[in-house]
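Next come the chains, spelled out residue by residue.
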Amino acid sequence: MQRRDLLKAAAGAGILAAPRLAGAAGARVLRFVPQANFANLDPVWGTQYVVRNASLLVWDTLYGLDSGLVPRPQMCEGHERSDDGLSWDFRLRAGLRFHDGEPVRARDVVASLNRWMARDAMGQVLKARLDALEAVDDVRFRFRLRAPFPKLLLALAKPMPNLAAIMPERVAATDPFKQIGDYIGSGPMVFRRDEWVPGSRVVFARFDGYVPRSEPSDWLAGGKRMLVDRVEWQIIPDPGTAAAALQNGEIDWWETPIPDLVPLLRQSPGVRVDIADPLGNVGLLRFNHLYPPFNDVRARQAVAMVMNQADEMHAVVGSDDALWRPMPSVFTPGTPLYTEAGGEILKGPRDYTAAKARLAASGYNGEKVVMLVATDLAITKGQSDVTADILTRLGMNVDYVATDWGTVGARRAKQDPPAKGGWNIFHTWLAGLDCALPATNIALRTNGPKAWFGWPSSEEIQGLITRWYDAPDARVEHDVAAALNRAALDFLPYVPTGFFLGYQAWRADLTGIVKAPFPVFWGVGRG
Amino acid sequence: MLGYIVRRVLATIPVMGVVALFVFSLLYLAPGDPAAIIAGDQASPEQIALIRASLGLDRPFLVRFGEWAWRIAHGDLGTSIFTNLPVGHMIAQRIEPTLSLMLLTLVVSLLIAVPLGVLAAARQGSLVDRGVMLFAVLGFSTPVFVIGYVLAYVFALRLDWFPVQGYVPLAGGFWPFLRALILPAATLGGIYIALIARITRASMLEVLSQDYIRTARAKGLGRGAVLFVHALKNAAVPIVTVVGLGVALLIGGAVVTESVFAIPGLGRLTVDAILRRDYPVIQGVVLLFSFAYVVINLLVDLLYTVFDPRIRY
Amino acid sequence: MSARLLGDAGEVPAEALAELLSPPRRRGAVRGFIHRHPGIAAGGALVAVMIAIAVLAPVLGTVDPTALAPARRLRPPSAMYWFGTDMLGRDVYSRVIYGARVSLVVGFAVAVLASLLGTAIGLAGGFLRWLDALLMRVMDGLMSIPSILLAIALMALTRGSVRNVVIAITIAEVPRVARLVRGVVLGLRELPYVEAAVAAGTRSPMIILRHILPNTLAPLSVQATYICASAMITEAILSFIGAGTPPIIPSWGNIMAEGRALWQVKPYLVFFPAAFLSVTVLAVNLLGDGLRDALDPRLARKL
C-alpha cells in the first residue's frame, strides 16, 4: 500500500517534470558547478560568497565595480555631488524593470538601500553620516549627509557582501535580519524557485525584460548580456566526481577545481583551465584577543615571527608555486593599496630563538592553546596543520580541536574562556577583493566587542580606517594604507598566512570566460 | 488475521514515538549553532544573536518538543533553517532519486542473488558454491565507496558506458534514467547481493534436506522445478525477512552512494543537513527513513502468511 | 552477518566454546584444528597479523604518521615511500600501518562495549518483566533507525574523536545484542534446570551467573565478531562522510576520505587503506563464520 503510494507520488513528480524538460531541450543551457552549496538567496541577509555570486545574476546594483576596482554607473545614469560633498543626486537609467515586469522606481531604490545599510559595514558608516535618503521622483533619488562620505559610489558598487542589491519596495520592506521570501530581482537572470533543489540544483532563466548597458562588460560594469537561456548550477561536493563530470562533458564550467586535479584536467581533451580570480584569496590566522596568551601583543608577535607563509601556502595550494605569493601585508597583492611597509616581521629567515624569547616575555606558561580546525575545508585544515606544527615547535601546548565548519562557526562566536568552550586560534580565508580595501576587510576591524570573532581592540587601527573613509584622493589613501599596514602588523589582529590563487575549468566549446573574483556569466556562450 | 494486522500496526506507534523523542532530543543537545552558520563568515556576534532569536532556537526543550510533535502529528515537518522551504517539500523533491535507486537495487539484487544462492545450494561444495560464498564475504568486507569509485573509473571514465554522476528523472526517458542509475545501483547492490545470496543458500540447504523434497524428486519432478518451485517457496520466509531487514543497509548505503555519484536524493540531503546542522531537515529525514523501515518490515511480517501457509495469526 | 541481521546466532552449549578455546593438548592438534575449522584458522591468523601490525607499528619501518612535509607531497609509491605520500607530504605507508590501531580499537571496543551493554539490557529485560516492555520499546525504536544513519546523527552531536565514534557505533549496535540475550534468557527460563533453580529459591544473580551467562556466551561471541567487522566499516563510512574521527588521526577511513578527491590521479591514496580495511574485515568475518559453524553444528553444514 505504502509502496504503491510512493511509486504513484514518484511517477506524479515525473509527469510534472516532463514539460519543463522538453522546454529545456532546445534551450542554450550552461551547466555550472559552484564552489559551495547554497542555502538561502538574500543578497543583504546572506554573507557567503556563493550567495553573492548567485545574487549578482538575479539582482542588479546601482553602480558596478570594474576590474580596476573603480565604481562605474550600472543602474544609474550618473550622479551629481554638491561641492561640500554633503548632497548626492542620482538618476536611474531608462528601461529598468523587475522580473515581474514592473518598472524600477526611486522608492524601490530607497527601500533597498535602507535594508542594506542596516546590515553592511560600509552601509553602517554611511548611515551614521546620513541625514536623509529620499526619492525625488520616480527616477531620481538623493542622499543628504551630515558629514562627507567620499566612498559612497564604492559602497554602492562593491560586490563584497553585503551587496547593495536593488529589489522591489515590498520585498525590501522585509526585516533586515530575516530572509526575503520573494526573489523578484532586477538582474539579467530570473531565479527559478520552482526548480530549486537545495543542495543539488539551482536554475536561472534569462530575463527577457533586462536591458543591458551599451558599454562592453567589465566585471560588474558595462553591459550584462546573457548569451544562454538557462544557467543551471549543479552542486557536486566531491571534487573527484566534479572533475570526472567535466571530463565526460556532463558539466560545462567548474568554479573551483582543486589544484591537484588541474594537471589531469589540463590533459583532458575538451577541457580548459585557467586562474579564476586575479585577486585571489588571503589566508589568515585569527587570535582571540580576550584571553591569554594572545591578549598580549608579544605572544601574537612571537607567532608572526615564526610564521612560514611558504609552508602554509603549500598546504593550501599544493605543489604549484605559480599559485601563491608571500604577503607581508594586510592588503591584497596586485591591488592599488598594496604595501609592504612594516612587513619585516613576516619576512626573512624564521628566528625561533628570538620568537621564544618574545613568547616568554609575554608571560606564557604552558597553558593550552585551543585551536579550532574545520577539517571539512581543505584550506582551513591545511593552514591549521602547518600552524599546529610551528606553535608546537615554539613550545606551545596546542589543543587541536578537529571539527567541522559548522561547529567552528558556532564556537568561534563564544567569548567564554578557551578552557570553558571558547578558543584561542582559528584559520579561515578571505577573498583578495575583500582585503583590497580597509573597509571590506572584516578581520582588520579592531572595535573590540563589535569586531569580528577574536574581538581585537585598537583605537589606532580604527582611527586609520576612518581616515581612509575620509581620504579625498589616491595619494592620501596610499599614505593611510602604509600607516595602517605598519599598525596592523605590529598590533596583529590576525596574521596573514599568504596570498593564493585558485583555478577555474571549463569545456573548450565555451567562449567568453573571464578572470574575476566571482563567476561572470554574462558574455559566456558556446563557440 | 485482521486482529493481528491491527495489533502489529498499533505496536509501531510506541516505536515511532521513541524514535521521535530520540531524534528530537539528540539534535536539541547538538553543539553546533545554526545561527552562526547561516550568518556566515562576515557576521558579527550581535547579528548571530539576532538570527538565533528570530529562529526560536533560544526557547526551552519541552516547549520546542511539544510544538514539534504537535506539528508532526499534523503532517507538518517544519521549515528548513537554511532554505526557508518546508521540509516536506524538500523531501518530496528528493524522494524520486532515492526511491528509484533503492527499487532498482532491490530488483537487480534479488534477480542476481536468489539464483546465485539457489545454485550454490544445489551444488553445495562445488566451485560455484565456493565462488558465491567468497563473493558474499567480500561484499561485506569492502566499503561501499571503494566499489563505487572502482566502478565509476572503469565503466564511466575508461569505457564511457555510463555517466559518472548525476540523476535523470524518469520523465527524461527510461533509458537515460536507467543509464544514470546502473552504476549507483551496482555499487549499492554489492552488499545486498552478498546478504541475500548467503541467506538464500542457507535457507535452501535447510529445505533441500527435508523429506518432501526427496519425495518430489522421487515423483519424477525435474530438478529445476524442484529447486525453484518447491524448495524456493519453502525457503522464502528467511529470505523475505532478510530482504526487509537489509533495507537498513540500503538506506545506510544510499547515503554514501548518493554522495559518490552526486545523486540529489534523500541520502545526500541527510548528510548536508547534518553537516550544516539544519535541525528540522535532519529530524524529518531520520523520521521518514525510520518510518519507511518500520513499515517495510511490517509488510514483511504480513507477507509471511503468503509464503508459508502454516503461519496463521 | 546474515545471522547477525536475523538476530539468531543459535543457542549453543558453552562447552563447545570452551573446547574451541582450550589449548591443543597433543601434537598434531593444530593441524587437526586447521582442518576442522579452516575459517577460524585463516580468519584468526589474519586478525593476529593485523593486531601484530598495530602493536608493532613503530618498528615496522614507519615514520611519524602525522609529520607534515609539504615539499614532498603526492609522491607515488617508491622504495623511499612504499605507499607514496599524501597531499600534505605525509608517508602513506606509516599512516596505513598506524591506521590499523584505530580500526582495530574501534572494532574491538565497539564489540566489547556493545556486548556488555547489550547483555546487561538483555538480562534486565529477560528477568525484570516490569522493565522489559519499556526497554524493548526503546531498543525497537533505536533499531528502527538504520544504524549508519543513527551513528551519523550521533556524531553530529559531538566533535569527532575515537571515543565518540566508539560510543556512537556502540549505541547503534546495542539493541541487536540486547534482543539476542533477552531471547536466550526467555528460552532458558523455561528449561527444567533453571526452573528448578528458581523453585529451589536460588536468587536471580546466582541463576544469571551459573546458568544464563555461560549459555549466552557462545551466540554472543559470534555476534561480537560480526559487530566488530561492521563497526570497522561504519568507522570508515563515518570518516568518508566527514562525521568520523578527526582527520589528524590516521584511521583508514580518514586516509581514504582525504584521498577520495584524487581517486583519479592518485588511486594509491585510496587503494592501500581500502585493501587493509577489506582484508581485516574479511578476516573478522571469516572468524565469525568459523566460530558460528564450530559452535553450532546444526548450522555448520549449511552456512
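Our structure's up above, just so we're on the same page.
Residues numbered from 1 in each chain as written. Chains lettered and ligands numbered in written order. Predicted model: local features only at pLDDT ≥ 70, side-chain atom pairs only at ≥ 80, totals over all residues. Heavy atoms only, no water.

1. Regarding the overall build of chain B
Scanning chain B from N- to C-terminus turns up 13 helices and zero strands. If you list the helices and strands of chain B from N to C, you get α-α-α-α-α-α-α-α-α-α-α-α-α. Among the 313 residues that make up chain B, the fraction classed as buried is 58%. In chain B, once contacts between residues fewer than 6 apart in sequence are set aside, the share between residues at least 24 apart is 72%. Per element, the accessible surface of chain B, about 12,400 Å² overall, is 70% carbon and sulfur. (Helix = DSSP H or I, 4+ residues; strand = E, 2+ residues; numbered from the N terminus. Buried < 20%, exposed > 50% of the residue type's maximum accessible area, 1.4 Å probe, protein only. Contact = heavy atoms within 4.5 Å. Areas by Shrake-Rupley, 256 points an atom, 1.4 Å probe, with all protein chains shown as cover.)

2. Some words on the nonpolar core
Membership of the largest hydrophobic core comes to 356 residues, with the highest contact counts inside it found for A:Leu62, A:Leu113, A:Phe141, A:Phe143, A:Phe204 and A:Trp233. The two domains that each donate at least three residues to this core are domain 1 (14-73) and domain 2 (93-307) of chain B. Those residues within four positions of A:Leu62 in sequence are excluded, and the remaining contacts are A:Pro73, A:Gln74, A:Met75, A:Cys76, A:Leu92, A:Val109, A:Leu113, A:Phe141, A:Leu156 and A:Ile166. (Core = buried A, V, L, I, M, F, W, Y, C linked by side-chain atoms within 4.5 Å. Domains from an automatic or database assignment.)

3. Points about the sheet that holds strand β17 (residues 425-431) of chain A
Pairing between the strands of a sheet comes from backbone hydrogen bonds, and it takes one of two forms, parallel or antiparallel. Residues and elements named next belong to chain A. Reading across the sheet, the six strands line up as β14-β18-β13-β17-β15-β16 and stay open at both edges, with mixed pairing between neighbours. Strand pairing shows two members of the sheet lacking a second neighbour, β14 (324-325) and β16 (397-403), which therefore form its edges. Of the strand pairs in this sheet, strand β13 (residues 281-287) and β17 are connected by seven bridges, and their pairing is antiparallel. Within β17, the residue paired with Leu285 across the bridge is His427. (Pairing = 2+ DSSP bridges.)

4. Here we look at the sheet that holds strand β6 (residues 130-135) of chain A
Residue and element names in this part refer to chain A. Read across the open sheet, the four strands follow the order β4-β5-β7-β6; overall the sheet is antiparallel. Among the strands making up the open sheet, the edge pair consists of β4 (76-81) and β6. Direction aside, neighbouring strands of the sheet carry axes that sit 15° apart on average. Here β4 pairs with strand β5 (residues 87-92) via five bridges, running antiparallel. For Gly78, the partnering residue across the bridge sits in β5 and is Arg91. (Axes fitted to C-alpha atoms, helices over the stretch in contact; angles between N-to-C directions.)

5. Details of the packing of aromatic side chains
Going through the model one piece at a time under the given rule, you end up with 37 aromatic pairs over all chains. Measuring from centroid to centroid gives 4.8 Å for A:Phe32 and A:Phe521, while their planes differ by 75°, and the two rings are edge-to-face. Residue A:Phe32 is located in strand β1 (residues 29-33), and its partner A:Phe521 is located in the loop between β20 (510-511) and β21 (525-526); the two are separated by 489 residues in the primary sequence. Here B:Trp161 and B:Phe162 contribute two aromatic rings whose centre-to-centre distance is 6.5 Å and whose plane-to-plane angle is 80°, an arrangement assigned as edge-to-face. Site record: aromatic cluster; members linked through ring pairs are A:Phe32, A:Tyr183, A:Phe191, A:Trp196, A:Phe204, A:Trp233, A:Trp253 and A:Phe521. Here the guanidinium or amino end of A:Lys151 rests over the ring plane of A:Trp468, the centre of that ring lying 4.7 Å away. (Phe/Tyr/Trp six-rings, centres within 6.5 Å; stacked < 30°, edge-to-face > 60°. Lys NZ or Arg CZ within 6 Å of the ring centre and 35° of its normal.)

6. Description of unusual backbone geometry
The omega torsion across A:Pro161 and A:Asn162 is 5°, close enough to zero to call that bond cis. Examined against the element boundaries, A:Asn162 turns out to sit in the loop between α5 (152-157) and α6 (169-172). Unusually for a residue other than glycine, B:Asp160 sits at a positive phi of about 60°. Positionally, B:Asp160 belongs in the loop between α7 (144-158) and α8 (174-208). A residue is classified by how much of its surface remains accessible, and B:Asp160, at 46% relative accessible area, is partly exposed.

7. Observations concerning the pattern of salt bridges
Any two side chains of opposite charge can pair, on the condition that their charged atoms come close. Applying the stated rule across the entire model yields 48 salt bridges over all chains. For C:Asp86, the salt bridge is made with C:Arg95, and the minimal N-O distance between the two is 3.6 Å. Side by side, C:Asp86 and C:Arg95 carry an identical accessibility label, which is buried. Each member of the salt-bridge network shares a partner with another, and the members are A:Asp89, A:Asp131, A:Glu134, A:Arg142, A:Arg144 and A:Arg146. (Salt bridge = Lys/Arg side-chain N within 4 Å of Asp/Glu carboxyl O.)

8. Remarks on a nonpolar patch on the surface
All names here are of chain C. Taken together, Ile51, Val55, Leu56, Val59 and Phe108 make up a surface patch of nonpolar side chains, about 440 Å² in accessible area. Sort the elements by how many residues they give to the nonpolar patch and helix α4 (residues 38-56) lands first, with three residues. Looking at the secondary structure, you find Ile51 in helix α4. (Patch = residues over 30% accessible without salt bridge, like charges linked within 9 Å, V, L, I, M, F, W, Y side chains within 5 Å.)

9. Regarding the packing of helix α5 (residues 92-127) of chain C against helix α12 (residues 268-295) of chain C
Residue and element names in this part refer to chain C. Remark: α5 packs on α12, axes separated minimally by 10 Å, with the N-to-C direction vectors making an angle of 35°. Between α5 and α12 lies a crossing of right-handed hand. Judged by residue contacts, Val92, Val96, Ile97, Ser103 and Leu104 of α5 engage Leu269, Phe272, Pro273, Phe276, Leu277 and Thr280 from α12. When grouped by side-chain class, the residues that make up the contact of α5 with α12 number nine nonpolar, two polar and no charged. (Left-handed = near helix turned anticlockwise from the far one by under 90°. Nonpolar A, V, L, I, M, F, W, Y, C, P; charged D, E, K, R; others polar.)

10. Some words on the interface of chain C and chain B
Tallying the contact residues gives 46 residues for chain C and 52 residues for chain B. Our count for the chain C to chain B interface comes out at one salt bridge. A salt bridge links C:Asp289 to B:Arg198, with the shortest nitrogen-to-oxygen separation between them at 2.9 Å. Secondary structure elements with two or more residues in the side of chain C that touches chain B: α1 (2-6), α6 (129-143), α7 (147-155), α10 (204-241) and α12 of chain C.

11. Structural notes on the pairing of strand β18 (residues 494-500) of chain A
All names here are of chain A. Counted residue by residue, β18 has seven buried out of seven residues, so it is predominantly covered. Looking at chain direction, β13 and β18 are connected through six bridges and run antiparallel. Counterpart to Val282 in the pairing with β18 is Phe499. Inspection of the sheet shows β14 paired to β18 by two bridges, in the antiparallel sense.

12. Here's the deal with the environment of A:Asp138
Residue and element names in this part refer to chain A. Residue position: Asp138 is located in the loop between β6 and β7 (140-145). The class for Asp138 is partly exposed, based on a relative accessible area of 44%. Here the alpha-carbon distance between Asp138 and Ser214, two residues 76 residues apart in the chain, equals 23 Å. Every residue in contact with Asp138, bar those within four places of it in the chain, is listed here: Leu92, Val104, Arg105, Ala106 and Arg107.

13. What about the side chain of A:Arg411?
Residues and elements named next belong to chain A. Position of Arg411 among the secondary structure elements: in helix α13 (residues 405-411). One buried charged side chain, Arg411, makes no salt bridge at all; its nearest oppositely charged neighbour is Asp399, positioned 5.8 Å away. Separated by 2.9 Å, the side chain of Arg411 and the backbone oxygen of Gly422 make a polar contact. (Lys, Arg positive; Asp, Glu negative; His and termini not counted. Polar contact = N/O pair within 3.5 Å; in protein donor to acceptor, adjacent residues only side chain to side chain.)

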